[in-house]
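# Residue-level structural notes
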Amino acid sequence: MFQFKHHLFCLLALLAGASMAAAADTAPWLRAWIDGEEITGTTLESRYSTLDDEPASPVIRWEKSDSRNGKPVLVQQGKDKESYTLTDKDAGQYFRIIVGSGTKDAIASPWIGPVITEKQAESINNRFDPANTYQENVDALQKELSEKLRDAVYFTVETGKLHGSPYAMVNNERVPLPEDIRPFRENGKIYINQPFVQAVFKKELPDEIMEEAGGQKAYEIGNAARALKLNLWQGDKEKAPVPNFRLQPMAEGLVIFTPEKDIFSPVRDRDLVNEAINRLFDFKANDEQIQWFRDAKFGMFIHWNPSSLLEREISWERNAARPFDSNSGKKNVMDFEYDSTYRRFNPKQYDPKKWMSVARKSGMKYAVLTSKHHDSFSNFPSAYDTFTIANTPYGKDIVGQFAAAVHAAGLKLGFYYSGRDWYNPYYLTNQHYRYLEYYFGQISELLTRYGQVDILWFDSLGSSSLNQWDPRTMIRRIKQYQPDILINNRMTGTRGGNKGPLAEDLKGDFLTPECKLGPFNDKTPWESCMTVADIPGTRWTGNWSYTSKAKVKPVEESIKFLINNTVKDGNLLYNIGPTPLGTFVPEQANTFLAMGKWIAPYREAIYGTRGGPYKNMPWGGSCYKTNRNGKKTVYLHVSPLIAQKGKELKGSEPLLIKDIGEKFTKATVIADGTFNGKEAKLEKEDGQYKITLPAGMSWDKWDTVIKLQ
């Protein structure tokens, strides 16, 4: 059996035999963490999981540091050092434990901190009242903000890797800030130019305070504030005494011009400050930003992590409880075999350049990799956790290599990230704030290390309330790092825990039907996420991660997915699960490559199209392109694969379609064969068009495209 030190949980026996013995040999301790709040006077407790037959009291080493990545200093060590009481001398310090110190299997916890004083802790004011709906809390914040900032002007300026806001708030009204009038930094100072002053303040400033900065005439904000007889509040200066997540607002670059003094206390008003900045950003992508996604049609999804070694479905076949989420029927919280597998994960043949070669030859335009799934393992090194690729035999950054390969291939880059977490000990507990720090921190790492990121593909948030997550601040932070990024619809999805309606701007940029083909929808961008392999006889909707038992879907079925989604105005994100060595299963990759060969002659009738105008036709469907003059070119996909049963066109029988007001004068065949480019006979009669194939040609068993102009 497994047990948790101090009997935190009652655990059940799961696995026996050689596999368990092997796991025990490599990982006697798992998931070390510190229980208790980092407040002076608090007694912190060491926590870890272990097998029943392991020593009951491993050596616990307590360390502190003056920063998250600073030099560790020994605090105490010993088999009896299971707890530590914080003193006033520990304020501002970070803490961690190492369980089994001095052994080859020693395991470290993530750093927690910095430690705050009791007085600082008392100043924390959480305005997300669990008794109210999330939207009610946001409305209350905005009402309070409107009163506080009714006479204020505020905006954010570029700070490090954070982009400045595209708007300023002026007396509670948003004013667009084109690039040429946005505030900027130079030599550590913030400047505004004359066009900004005119657009926002409607005033002239004295020439004597004008300076040369940024290659133009501009005003340093302190001088501008004095000339305008206004006070300044700056997020860069108004910080908490220590950078503790619960104290510190995400206010970098915020500048407020106001007639009031001391408008915010950064700790007490943390949620207000964050919401003030949230109002400066658009949460949903605009038409221009979403266009590449609508045009792309086809992408690669990759589910991969150490679970591939066990050939068990990623996360879902982790044989343990799923905290605050889908019922697993298990009372234990550890699957010792699954959770220790990372200690032997060494994919020596991982070469994402080869993956992207397959993607390009298959006709895929973007690629999305699991950076972290529900099982909490991160495929990238992180300052916020130890359960990462950095602590495997492989050791190298899987995500970083993937991002470089995607960029080199000229494809769009996406990261899957699960906010839901069945292994992190702080997830949705009374120390969930610590999980939020980890969540915000890891997203920041993903968006600042790897260049342009085009998609963040979230999964849902389990059985929780949005009051616990502050999604508006998360989305705004994402947009500060990557203004053109697309976010799917699952980031704010909860399993019944959230009450009240969800604001439109929190619904994401695109929908993600899973393992099913989407219906026609040209209002909201969407993609079906499907798997190229299945495990026969199981309850799984698809096979997301690697197993040798998986059976590959036929090419015909795969092409059906793509045709269906193209004519219904969506995309296909097609998943593959790499082997433990980091290679694709040849049969699965070959299906992708066969799709690419099929796509080649039909390219113009797939990429860059929109679904319609003929929708849900018995013989198939259509898509179209529109030129600069508004004239449509329509592509009819006459496809038995998606036709209604018994309505498939056969032989060379003519196709009849309604006249919907488009003046078609020419019909051209697009096909894989000798008839490609041949003209079909186009006749108009009785309010419809009649299309007859060229002599000797029959309708294809998969798809024949007729181009109407």
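In this report, we go over the structure that sits alongside the text. Not measured: the values here are computed from a predicted model.

## A word on the overall build of the protein
What the protein contains, in helices and strands, is 14 helices and 34 strands. Its C-alpha radius of gyration of 29 Å places the protein within 12% of the 27 Å reference for a compact globule of 709 residues. The C-alpha extent of the protein, read off along each of the three principal axes, is 90 × 80 × 45 Å. Looking at the protein residue by residue over its 709 residues, the buried ones come to 58%. Sequence separation of 24 or more characterises 68% of the internal contacts of the protein that already satisfy a separation of 6 or more. Approximately 29,000 Å² of the protein is accessible, and the part contributed by carbon and sulfur atoms is 48%.

## So, the packing of helix 6 (residues 270-278) against helix 12 (residues 471-481)
At a minimum axis separation of 9 Å, helix 6 and helix 12 run at an interaxial angle of 50 degrees. Put simply, helix 6 runs oblique to helix 12. Crossing handedness for the pair helix 6 and helix 12: left-handed. Contacts between helix 6 and helix 12 involve N274, E275, I277 and N278 on the former and, on the latter, R472, T473, R476 and Q480. Looking at the contact of helix 6 with helix 12 residue by residue, the class counts come to one nonpolar, four polar and three charged.

## Some details on the nonpolar core
In terms of nonpolar packing, the biggest core is built from 132 residues, with M300, M356, F402, Y439, I443, I478 and Y574 touching the most fellow members. For this core, the leading source of residues is helix 11 (residues 432-449), giving eight residues. Apart from the residues within four sequence positions on either side, I478 is in contact with I443, L447, L456, F458, I485, I487 and M491. In this structure, A168, A224, L228 and F257 belong to the second largest nonpolar core, which totals 23 residues.

## So, the pattern of salt bridges
All told, the structure shown has 39 salt bridges when counted by the stated rule. The salt bridge involving R150 is made with D151; its shortest N-O contact spans 3.9 Å. For R150, a relative accessible area of 39% corresponds to the partly exposed category. Note that E212 is salt-bridged to K217, the shortest N-O span being 2.8 Å. Given a relative accessible area of 54%, E212 falls into the exposed group. Here K217 falls in the partly exposed class, since its relative accessible area comes to 46%.

## Focus: the packing of helix 3 (residues 134-148) against helix 6
Relative orientation of the contacting elements helix 3 and helix 6 amounts to 85 degrees, with a least axis distance of 10 Å. In terms of orientation, helix 3 lies roughly perpendicular with respect to helix 6. Where helix 3 abuts helix 6, its residues V138, L141, Q142, E144, L145 and K148 lie against D271, L272, E275 and A276. Tallied by class, residues from the contact of helix 3 with helix 6 come to five nonpolar, one polar and four charged.

## Section: empty space enclosed by the protein
If a probe the size of a water molecule is rolled over the atoms, the empty space left behind becomes visible. What the rule picks out here adds up to six cavities of 30 Å³ or more. For the largest cavity, the calculated volume is near 130 Å³. In terms of lining, the largest cavity is formed by 15 residues, of which the most central are P110, Y384, Y426, R434 and Y438. At the level of elements, strand 2 (29-35) and helix 11 are the ones that each hand at least two residues to the lining of the largest cavity. Counting residues per element, the lining of the largest cavity draws most heavily on helix 11, at four residues.

## Some details on the packing of aromatic side chains
Counted under the stated rule, the structure contains 45 aromatic pairs. Aromatic pair F196 and F201: ring centres 6.3 Å apart, planes at 70 degrees, arrangement edge-to-face. Both residues of the pair, F196 and F201, count as buried. Ring plane angle 50 degrees and centroid distance 5.8 Å describe the contact between F293 and Y366, whose orientation is recorded as tilted. Here F293 is found in helix 7 (residues 287-296), whereas its partner Y366 is found in strand 19 (residues 366-372), with 73 residues between them in sequence. For F293, a relative accessible area of 1% corresponds to the buried category. The class for Y366 is buried, based on a relative accessible area of 1%. Linked through ring pairs, F245, Y417, Y427, Y435, Y438, Y439, F440, F458 and W469 together constitute an aromatic cluster. The cationic tip of R270 hangs over the ring face of F245; the distance from NZ or CZ to the ring centre is 4.8 Å. Sitting over the ring of Y607, K365 keeps its end group 4.5 Å from the ring centre.

## Notes on the pairing of strand 23 (residues 527-531)
If a strand is regular, its side chains alternate between the two faces of the sheet. By the criterion of burial, strand 23 is predominantly enclosed, with five of the five residues buried. With five bridges joining them, strand 23 and strand 26 (residues 571-576) adopt parallel strand pairing. Across the sheet, residue E527 finds its bridge partner in strand 26, namely N571.

## Considering helix 9 (residues 352-361)
Residues of helix 9 that are buried: P352, W355, M356, V358 and A359. Down the axis of helix 9, the buried side of the element spans an arc of 150 degrees, and every buried residue falls inside it. Those residues of helix 9 that are exposed and angled more than 90 degrees off the buried face are K353, K354, R360 and K361. Elements that come into contact with the buried residues of helix 9 comprise strand 18 (298-302), strand 19, helix 10 (398-408) and helix 14 (586-599). In the segment just after helix 9, G363 is the residue with positive phi, at about 85 degrees.

Analysis parameters
- Residues numbered from 1 in each chain as written.
- Predicted model: local features only at pLDDT ≥ 70, side-chain atom pairs only at ≥ 80, totals over all residues.
- Heavy atoms only, no water.
- Helix = DSSP H or I, 4+ residues; strand = E, 2+ residues; numbered from the N terminus.
- Rg over C-alpha atoms; globule rule 2.2 N^0.38 Å.
- Buried < 20%, exposed > 50% of the residue type's maximum accessible area, 1.4 Å probe, protein only.
- Contact = heavy atoms within 4.5 Å.
- Areas by Shrake-Rupley, 256 points an atom, 1.4 Å probe, with all protein chains shown as cover.
- Axes fitted to C-alpha atoms, helices over the stretch in contact; angles between N-to-C directions.
- Parallel < 35°, antiparallel > 145°, perpendicular 65-115°, else oblique.
- Left-handed = near helix turned anticlockwise from the far one by under 90°.
- Nonpolar A, V, L, I, M, F, W, Y, C, P; charged D, E, K, R; others polar.
- Core = buried A, V, L, I, M, F, W, Y, C linked by side-chain atoms within 4.5 Å.
- Salt bridge = Lys/Arg side-chain N within 4 Å of Asp/Glu carboxyl O.
- 1 Å grid on protein atoms, 1.4 Å probe; cavity = no way out; pocket = protein on both sides within 12 Å on 5 of 7 lines; lining within 4 Å.
- Points joined across faces, edges and corners; volume = space filled by probe spheres on them.
- Phe/Tyr/Trp six-rings, centres within 6.5 Å; stacked < 30°, edge-to-face > 60°.
- Lys NZ or Arg CZ within 6 Å of the ring centre and 35° of its normal.
- Pairing = 2+ DSSP bridges.
- Arc of directions from axis to C-beta.

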